[in-house]
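Descriptive structure summary
Residue strings, one per chain:
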Amino acid sequence: MFNHRFRIIVSIAIAFIIVNIYGRLSTTPFIKKNIMAETKNLLSKIKFPSFNLSKLFTLKFNQENDNFKNNSGSFYLPTVQPTPTLPVAVLTKASLTPTGLRYPTINPSIRPSATSAPQSTPTPKPTKPPKPTPTPLAPAITSSIRPGSTLKEIYEDVQDRMCVPAALLYAFQQAETGAWWPVNSASSKVKTYNKYGWWIDGSGSSCTGMGYHTQTGIVPSDAVDAGTVCQNPIPSGADQAIMGLWQISKYEEDVAKKYMTKIIKGNIDRRVIFDNAIIFAIITKNRLGSPPKNCSDWPADAIKTAAEKHYGTCGDNYCNKVLNYYKQY
């Protein structure tokens, strides 16, 4: 192919030179006409090799198929065979570039997303605070010996059972019988008069244990020392059979007994220190109607109201006396 093209180029160059020379000679005035005729005759006898120039400039991309289809105006582009490449699984360590794998490793089970949000543990919803577990009730008393070996222990036990401040029990007890029963009374004395039946078996004195009727000053008939006069009578109307450290009447005891069945199983009497304190707590709450919710501290107005209802009046400075004792505790 190269040889043919070279011969064509040389022939064209020679023809160009001859035509150029002939043109110059024919336009020169001093050249004779016979010389021009001879030159023209000489050029006409030169024979150039015959070549099929169309074949040299024909685009032929595929030697096995025709380039064009007749009457269709379309043609086929040559088919380029792709260079085969090795799959990722066949690559060896030698085929890896120093910077890493030729192909990225993709897990087909994971679909890529535009943004990858970090996985976070859902925040649990706040729950309502648990309600405080109510303090379990103390078991009912079945023994004739009541809880508490001191007056303070009795105050605190009744506070836990009845939600009445121990200071309130102290204040009323000191206002009523504190002159005979100070708060620091001996434990042996407290234990004697904190047992049911001490006035029956003779283990205690009705005068010391406040087991006589306050208005008449006389020990009742059910005691071993019945008829004993412990103090001068106090003329104040009909005898209400008031007895005990908190000065509880027979009527108040009967009213409170129906509320005491879950506290004391068996006999109840206001001459027992613990029993008298429980009866006082019950009737005081009933008198107030809506007692304060705080079991260990009541406001001054509630204390004065309780004092007035217990004494019947705030005369003799009784209400202020109780309040002052309350503040001392």
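Please read these numbers as outputs of a predicted model, since none were measured by experiment.

About the criteria used
Residues numbered from 1 in each chain as written. Predicted model: local features only at pLDDT ≥ 70, side-chain atom pairs only at ≥ 80, totals over all residues. Heavy atoms only, no water. Helix = DSSP H or I, 4+ residues; strand = E, 2+ residues; numbered from the N terminus. Buried < 20%, exposed > 50% of the residue type's maximum accessible area, 1.4 Å probe, protein only. Contact = heavy atoms within 4.5 Å. Areas by Shrake-Rupley, 256 points an atom, 1.4 Å probe, with all protein chains shown as cover. Expected span 1.5 Å × (residues − 1). Salt bridge = Lys/Arg side-chain N within 4 Å of Asp/Glu carboxyl O. Disulfide = S-S within 2.5 Å. Phe/Tyr/Trp six-rings, centres within 6.5 Å; stacked < 30°, edge-to-face > 60°. Lys NZ or Arg CZ within 6 Å of the ring centre and 35° of its normal. Arc of directions from axis to C-beta.

Regarding its fold elements, the protein chain presents 11 helices and zero strands. Tracing the protein chain from N to C terminus, the helices and strands come up as α-α-α-α-α-α-α-α-α-α-α. Looking at the protein chain as a whole, 29% of its 329 residues qualify as buried. Considering only residue pairs separated by 6 or more positions, the protein chain has 55% of its internal contacts joining residues 24 or more positions apart. As displayed, the protein chain offers around 23,000 Å² of accessible surface, 58% of which is attributable to carbon and sulfur atoms.

Given a rise of 1.5 Å per residue, 12 residues ought to cover 16 Å, and the 16 Å separating the end C-alpha atoms of helix α5 (residues 166–177) matches this to within 8%. A large share of α5 lies buried, amounting to 11 of its 12 residues. Residues of α5 that are buried sit in contact with α4 (151–162), α9 (273–288), α10 (300–311) and α11 (318–328).

Right, let's talk about the pattern of salt bridges for a bit. The tally for this structure, following the rule as stated, stands at nine salt bridges. In this structure, arginine 287 and glutamate 252 form a salt bridge, with 2.3 Å as the shortest nitrogen-oxygen distance. In this pair, arginine 287 is assigned in helix α9 and glutamate 252 in helix α8 (residues 250–257), connecting sequence segments 35 residues apart. Ionic pairing is found between lysine 257 and glutamate 253, a salt bridge with its closest N-O pair at 3.5 Å. Of the two residues, lysine 257 and glutamate 253 are both situated in helix α8; the distance of four residues between them amounts to about one turn of the helix. By sharing partners, the salt bridges in this structure join Asp222, Asp269 and Arg271 into a single network.

Let us now look at the state of the cysteines. Following the criterion strictly, the structure yields three disulfides and no others. For cysteine 163, the disulfide goes to cysteine 295, at an S-S distance of 1.8 Å. Between cysteine 163 and cysteine 295, the S-S torsion sits near -90°, and that sign places the bridge as left-handed. You can see cysteine 163 sitting in the loop between α4 and α5 and its partner cysteine 295 sitting in the loop between α9 and α10, a full 132 residues away along the chain. When its relative accessible area of 31% is taken as the criterion, cysteine 295 is described as partly exposed. With a sulfur-sulfur separation of 1.9 Å, cysteine 314 is cross-linked through a disulfide to cysteine 319. As the torsion about the S-S bond is roughly -85°, the cysteine 314-cysteine 319 disulfide counts as left-handed. Overall, cysteine 319 belongs to the buried group, its relative accessible area being 3%.

On to the packing of aromatic side chains, then. A complete count under the given rule lists 12 aromatic pairs for this structure. Where tryptophan 181 meets tyrosine 193, the ring centres are 5.7 Å apart and the plane angle is 85°; that geometry is what we call edge-to-face. Placement of tryptophan 181 in the loop between α5 and α6 (187–192) and of tyrosine 193 in the loop between α6 and α7 (198–201) is noted, with a sequence separation of 12 residues between them. Exposure class is identical for tryptophan 181 and tyrosine 193. Each is buried. Judged by centre distance (4.7 Å) and plane angle (75°), the rings of tyrosine 193 and tryptophan 198 are edge-to-face. As far as the burial class goes, tyrosine 193 and tryptophan 198 line up, both buried. Taken together through their ring pairs, the aromatic side chains of Tyr155, Tyr170, Trp246, Tyr325 and Tyr329 make up a single cluster. Taking the ring centre of tryptophan 181 as reference, the NZ or CZ of lysine 189 above it sits at 4.1 Å.

Below, the discussion takes up α11. Residues spaced three or four apart along an α-helix point in a common direction, a consequence of the helix completing one turn every 3.6 residues. Along α11, the residues classified as buried are Tyr318, Cys319, Val322, Leu323 and Tyr326. Along the axis of α11, the buried positions cluster into a sector of 135°, meaning they face one direction only. Along α11, the residues that are exposed and aim more than 90 degrees away from the buried face are Lys327 and Gln328. Looking at the packing, one finds that the buried side of α11 touches α5 and α10.

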